[in-house]
Amino acid sequence: MQVLVTRPIEQAVETAAVLAVLGHEAVISPVIAVVPTGAVWPSRTVDFLVATSARAFEALQTEADFPTAEVRRLLPLYLVGQKTLTAARTAGFTGPAVVAAEVKDLAPKLIAQLRSFTRALYLAGRDRKPDLEKMCIDAGFALDLLETYAAAAASRFSDEALAALDDGTIGAVLHYSRRSAAILLELLDAEGFDPASLHHIAISEDAAAPLRASDLASVAVAAQPDEDSMLALLPA
């Protein structure tokens, strides 16, 4: 089966390799390009480092000696997901880490450590859900923000994807976020393709929201918010 993969190219290549092992052919057409913003590490004191995506560390602009090696070694981390932890370690941040599966699980742990004199630096994307910031504000704390990356919407499908859509050979589309699902629907409309002719697999109900809003009949949602659960919904 041909499966349309709309993730940013680095992640799409990884997904394509997994699909090949499962006997499927990936058709890669990123609908979002993740680019660094050029934001640099602040000169002010940072007591905690917070991130909900590996991309936040991958796009972080730092100098060889700033933040210092001691800061990288000791700075406590509050993170969502093991991939984010791996990215933090790769970027040289080896301090003690609290890792949660979701924002709603991380927020109480972070808030419990925050004090009025504490600065928590939140590495984030420009296009993000406000959940973590809102939960902290509701608890009386504000996170310092450093937007390290931005997600730019694609203006068209790849040539490979357009050909497969024309031929009607796409058996399923994988959706990893609400925004990417919405962009895909916009691109399909611009090219004159009917999204109802495709089978959509979303990583979560949040990612599926634009599909639900379009009243698409063939929408499946992963049992757990991870890629393995998504791919389990593909036919053997």
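Before reading on, note that the structure itself is shown above.
Note that the coordinates shown come from a computational prediction; the quantities given were computed from them, not determined experimentally. (Residues numbered from 1 in each chain as written. Predicted model: local features only at pLDDT ≥ 70, side-chain atom pairs only at ≥ 80, totals over all residues. Heavy atoms only, no water.)

Colleague: Hey, could you run me through the overall build of the chain in this one?
Modeller: Per the secondary structure count, the chain includes 10 helices and 11 strands. The C-alpha radius of gyration of the chain comes to 19 Å, within 12% of the 18 Å expected for a compact globule of 236 residues. Overall size of the chain, expressed as C-alpha extent along the three principal axes, is 60 × 35 × 30 Å. Taking the contacts inside the chain whose residues are at least 6 apart along the sequence as the reference set, 64% of them involve residues at least 24 apart. (Helix = DSSP H or I, 4+ residues; strand = E, 2+ residues; numbered from the N terminus. Rg over C-alpha atoms; globule rule 2.2 N^0.38 Å. Contact = heavy atoms within 4.5 Å.)

Colleague: It is not clear to me how unusual backbone geometry should be interpreted in this structure. Could you clarify?
Modeller: Leave glycine aside and you will find that most residues have negative phi; peptide bonds, for their part, are mostly trans. You will see that Asp215, though not glycine, has its phi angle at about 60 degrees, which is positive. The residue Asp215 is located in the loop between α9 (205-213) and β11 (219-221) in this model. Assessed through its relative accessible area of 68%, Asp215 is described here as exposed. (Buried < 20%, exposed > 50% of the residue type's maximum accessible area, 1.4 Å probe, protein only.)

Colleague: Explain the sheet that holds strand β7 (residues 120-125) to me, please; I cannot follow it from the model alone.
Modeller: Strands belonging to one sheet form pairs held by backbone hydrogen bonds; the direction of such a pair is parallel or antiparallel. Strands sit in the order β3-β8-β7-β4-β5-β6 across an open sheet of six strands; the sheet is mixed. On the outer flanks of this sheet lie β3 (32-36) and β6 (97-100), each paired with one strand and no other. Across the sheet, the axes of successive neighbouring strands diverge by a mean angle of 20 degrees, strand direction being ignored. Sheet topology places β7 next to strand β8 (residues 144-153); five bridges connect them, and they run parallel. Looking at β8, one finds that Ala124 is bridged to Glu147. Running at roughly 165 degrees to strand β5 (residues 77-80), helix α5 (residues 103-113) makes contact with β4 (48-51), β5 and β6 of the sheet. (Pairing = 2+ DSSP bridges. Axes fitted to C-alpha atoms, helices over the stretch in contact; angles between N-to-C directions.)

Colleague: I'm lost on the pattern of salt bridges in this one. Help?
Modeller: A side chain of one charge can pair with a side chain of the opposite charge if their charged atoms are brought near each other. Enumeration over the complete set of coordinates arrives at 13 salt bridges. For Asp159, the salt bridge identified is with Arg156, shortest N-O distance 3.1 Å. Note that Glu205 and Arg212 form a salt bridge whose closest N and O atoms lie 3.0 Å from each other. Its relative accessible area of 45% is what places Glu205 among the partly exposed residues. Relative accessible area serves as the criterion here: at 37%, Arg212 is assigned to the partly exposed category. (Salt bridge = Lys/Arg side-chain N within 4 Å of Asp/Glu carboxyl O.)

Colleague: When you look at the packing of α5 against helix α6 (residues 131-138) in this model, what are you seeing that I'm missing?
Modeller: Relative orientation and spacing of two packed helices are given, respectively, by the angle between their axes and the distance between those axes. Where α5 contacts α6, the axes come no closer than 10 Å and their chain directions differ by 35 degrees. By crossing handedness, the relation of α5 to α6 is classed as right-handed. Packed against α5, whose contacting residues are Val103, Lys104, Ala107, Leu110 and Ile111, the element α6 presents Asp131, Leu132, Met135 and Cys136 at the interface. (Left-handed = near helix turned anticlockwise from the far one by under 90°.)

Colleague: Help me understand helix α4 (residues 82-90) in this model?
Modeller: Each α-helix winds once per 3.6 residues, and so residues spaced three or four apart point in a common direction. Among the residues of α4, Thr84, Leu85, Ala87 and Ala88 are the ones counted as buried. Within α4, the buried residues cover an arc of 160 degrees as seen down the axis, which keeps them to one side. Residues of α4 that are exposed and point more than 90 degrees away from the buried face comprise Gln82, Lys83, Thr86 and Thr90. Looking at the packing, one finds that the buried side of α4 touches β4, α2 (54-58), β5 and β6. Gly92 sits one or two residues past α4 and shows a positive phi near 95 degrees. (Arc of directions from axis to C-beta.)

Colleague: Would you explain the sheet that holds strand β2 (residues 25-28) in this entry?
Modeller: Strand order across the open sheet formed by five strands is β2-β1-β9-β10-β11, with parallel pairing between neighbours. A single partner strand is all that each edge strand has here, and the edge strands are β2 and β11. Put simply, the sheet's adjacent strands are angled 25 degrees from each other on average, direction ignored. Pairing of strand β9 (residues 170-175) with strand β10 (residues 200-202) involves three bridges; the strand directions are parallel. Opposite His175, over in β10, you have Ala202 as the bridge partner.

Colleague: What should I look at first to understand the packing of helix α8 (residues 178-191) against α9 in this one?
Modeller: Contact pair α8 / α9: the axes reach a minimum separation of 7 Å and the direction vectors enclose 25 degrees. In terms of their interaxial angle, α8 and α9 are classed as roughly parallel. Once α8 is placed against α9, the crossing between them reads as right-handed. Two secondary-structure elements touch here, α8 through Arg178, Ala181, Ala182 and Leu185 and α9 through Asp206, Ala207, Ala209, Pro210 and Leu211. The residue inventory of the contact of α8 with α9, partitioned by class, reads seven nonpolar, no polar and two charged. (Parallel < 35°, antiparallel > 145°, perpendicular 65-115°, else oblique. Nonpolar A, V, L, I, M, F, W, Y, C, P; charged D, E, K, R; others polar.)

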